[in-house]
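Below are the chains, spelled out letter by letter.
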Amino acid sequence: MNRQEALQIIKKHLPEKRYIHTIGVTDTAITLAKQYGADEKKAEIAGIFHDYAKYRPKQEMIDIINEEDLPKDLLMYSSELWHAPVGAILVKKEIGITDEDILRAIRSHTTGRARMTTLEKVIMLADYIEPNRSFPGVDDVRELAKLELNKALIVSIQNTIQFLLNKNELIYPKTIETYNDLQRNLNQEVN
Ligand code: DGI
Ligand code: FE
Ligand code: FE
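Treat the numbers as computed from the prediction; the structure is a model and nothing was measured. Residue positions within a chain follow its written sequence, with the count starting from 1. Key to labels: chains lettered from A, ligands numbered from 1, both in the order written. The model is predicted, so local features are restricted to residues of pLDDT at least 70 and side-chain atom pairs to those at 80 or more, both for listing and for counting; the totals for chains, interfaces and linings are taken over all residues. Note that the side-chain values use all heavy atoms of the structure and ignore hydrogens as well as water.

A. The arrangement of the environment of Ile97 in detail. The way it works is that DSSP assigns letters per residue, a run of H or I at least four long becomes a helix, a run of E at least two long becomes a strand, and they are numbered from the N terminus. Structurally, the position occupied by Ile97 is in the loop between helix 5 (83-95) and helix 6 (100-107). With a 1.4 Å probe rolled over the protein chains alone, any residue whose accessible area is under 20% of its type maximum counts as buried; one over 50% counts as exposed, and the rest are partly exposed. The exposure class of Ile97 is buried, given its relative accessible area of 7%. Contact definition: two residues touch when any of their heavy atoms are within 4.5 Å. Those residues within four positions of Ile97 in sequence are excluded, and the remaining contacts are Met1, Ile45, Phe49, Val91, Lys92, Ile102 and Leu103.

Rendered as structure tokens:
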């Protein structure tokens with residue numbers, strides 16, 4: 001599938017603002033893939049489809065989580081988390097994407113996971129720093145992203161956790177696992 005075909009498909013599933021975000025994520029992901037040695041073509045496709053399921057009705061996502069081989073504890077946490085694992089299921093079923101690297105990157109793009117591949121890190125970070133984002137602190141992460149993939153990702157996760165704590169939201173355990181995994185590896189490098 002080429003970029004134009006993929007964009008034509010995704011456009012039908014997203015409102016205009018999210019489509020613009022998607023193009024930002026895709027181009028940022030290609031740049032990061034080049035820089036950090038991930039597959040650029042896979043980064044492009046994963047970027048284009050990463051939010052595929054974002055606008056599915058909640059009940060449809062709940063049904064998919066119950067029926068498919070997905071962690072059931074997702075249902076005890078924010079529905080914001082569901083579109084990533086559900087998206088990986090749906091792009092396989094509905095679009096025919098079978099590449100496990102791409103599916104994994106879509107699946108883990110919101111929370112990450114321990115021992116992520118470079119492609120997963122690239123998509124997760126691109127989602128955070130793409131040019132249309134304007135979180136507090138995002139410019140620092142953009143600067144870090146030019147130098148250190150893991151450090152940039154750590155700061156983005158710290159910011160996300162802080163943001164959620166400030167709103168009295170629950171933190172999904174996998175988000176913490178991702179943070180711990182990256183921080184542990186970084187600390188071990190230093191020591
Ligand atoms: O889909 P996007 O908006 O592009 O970005 P995303 O897939 O990273 O989703 C971001 C949302 O998910 C944002 O509102 C924060 C939320 N989120 C991320 N990690 C966690 C979380 N929400 C909860 N409750 N717990 C988490 O661990
Ligand atoms: Fe998302
Ligand atoms: Fe996104």
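B. Just the coordination of the iron ion (ligand 2), in detail. For Na, K and Ca the donor cut-off is 3.2 Å; for every other metal, N, O and S atoms count as donors within 2.8 Å. Water does not enter the count, which can leave sites looking incomplete. Here the iron ion (ligand 2) is held by the protein donor atoms Asp51 (OD), His83 (NE2) and His109 (NE2), which lie 2.1 Å from it. Here the donor residues of the iron ion (ligand 2) share one chain and are spaced in sequence as D-x31-H-x25-H. Separating the iron ion (ligand 2) from the iron ion (ligand 3) is a gap of 3.6 Å, bridged by Asp51, which donates to each. Remark: His109 occurs in the loop between helix 6 and helix 7 (118-129) and Asp51 occurs in the loop between helix 3 (40-49) and helix 4 (58-67); sequence separation between them is 58 residues. Here Asp51 and His109 have matching classes, each one buried.

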